[in-house]
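Chain and residue survey
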Amino acid sequence: AQSVAQPEDQVNVAEGNPLTVKCTYSVSGNPYLFWYVQYPNRGLQFLLKYITGDNLVKGSYGFEAEFNKSQTSFHLKKPSALVSDSALYFCANTNAGKSTFGDGTTLTVKP
Amino acid sequence: GAVVSQHPSRVICKSGTSVKIECRSLDFQATTMFWYRQFPKQSLMLMATSNEGSKATYEQGVEKDKFLINHASLTLSTLTVTSAHPEDSSFYICSAPRREGWYEQFFGPGTRLTVL
């Protein structure tokens, strides 16, 4: 069975501060992990993915994520948050094309 | 990158009517597409797998007679919500994986369905 957990419904940070959005996974076989961002009434925008290779993955808009096999985590990070980063973020694992999503984390960046 | 489109982006209909939503892969062929629904402030839940040339595979709890899926070609899948009810109001999103890499898929922009 595949499951992805995002333990925080909401993350609030001040503009310019670093941000972290947490994700843990439980999958059978190799994980194929993704982060997406969703703005209101819009589809998903791809941020980054981990398939294999380096544990630190760099993605779009200055985001990065670190794959940690021992902790089964794939936390999303950004060194300096922008107000425009405020959105809903989803972590997902994909297996044979099907994606299993976490419940989502609403990120609010305050000026 | 690959592009997946959906049409319409928004639709409002009366209870009891049927609504068709199209999902197209614009620059690649997709023998398989996936349909998700998302309730407000909730996650995406997989509804069904659309298979070109064969019947769709539905997830547990999804009514196949209510959500009709037709994968008409290698670039088009349609989802028809039949006899729509207000509780069917939701955001419907399709996705299509690249044929050469099942782990990488591309999402459509979504369709907002409102049933009055």
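Thresholds applied
Residues numbered from 1 in each chain as written. Chains lettered and ligands numbered in written order. Predicted model: local features only at pLDDT ≥ 70, side-chain atom pairs only at ≥ 80, totals over all residues. Heavy atoms only, no water. Buried < 20%, exposed > 50% of the residue type's maximum accessible area, 1.4 Å probe, protein only. Helix = DSSP H or I, 4+ residues; strand = E, 2+ residues; numbered from the N terminus. Pairing = 2+ DSSP bridges. Disulfide = S-S within 2.5 Å. Phe/Tyr/Trp six-rings, centres within 6.5 Å; stacked < 30°, edge-to-face > 60°.

Residue and element names in this part refer to chain A. In strand 2 (residues 10-14), alternate side chains face the same way, and those of Val11 and Val13 are buried while those of Gln10, Asn12 and Ala14 on the opposite face are not. Sheet topology note: the strand 2/strand 12 (residues 105-110) ladder contains five bridges and is parallel. Counterpart to Gln10 in the pairing with strand 12 is Thr106.

What follows covers the state of the cysteines. For the coordinates displayed, the defined rule picks out two disulfides over all chains. Bridging Cys23 of chain A to Cys91 of chain A, the disulfide has an S-S length of 2.0 Å. Given an S-S torsion of about -65 degrees, the disulfide between Cys23 of chain A and Cys91 of chain A has left-handed geometry. Of the two residues, Cys23 of chain A is situated in the loop between strand 3 (19-21) and strand 4 (24-26) and Cys91 of chain A in strand 10 (residues 87-95); the sequence distance between them amounts to 68 residues. Assigned by exposure class, Cys23 of chain A and Cys91 of chain A land together as buried. Paired through a disulfide, Cys23 of chain B and Cys94 of chain B show a sulfur-sulfur distance of 2.0 Å. Looking along the S-S bond of the Cys23 of chain B-Cys94 of chain B disulfide, the torsion reads about 80 degrees, which is the right-handed sense.

The subject of this paragraph is the pairing of strand 9 (residues 90-98) of chain B. All names here are of chain B. Most of strand 9 sits out of view: eight of its nine residues are buried. With five bridges joining them, strand 4 (residues 32-38) and strand 9 adopt antiparallel strand pairing. The residue of strand 9 that forms the bridge with Arg37 is Tyr92. For strand 9 and strand 11 (residues 111-115), the ladder comprises three bridges, and the chain directions are antiparallel. Paired with Phe91 across the two strands is Arg112, which belongs to strand 11.

This next bit is on the packing of aromatic side chains. Residues and elements named next belong to chain A. Across all of its chains, the model carries 15 aromatic pairs over all chains by this definition. Centroid distance Tyr36 to Phe46: 6.4 Å. Interplanar angle 70 degrees. Geometry classified as edge-to-face. Note that Tyr36 is positioned in strand 5 (residues 33-38) and Phe46 in strand 6 (residues 44-50), a separation of 10 residues in sequence. Assessed through its relative accessible area of 37%, Phe46 is described here as partly exposed.

Purely spatial values, then, with no claim about function.
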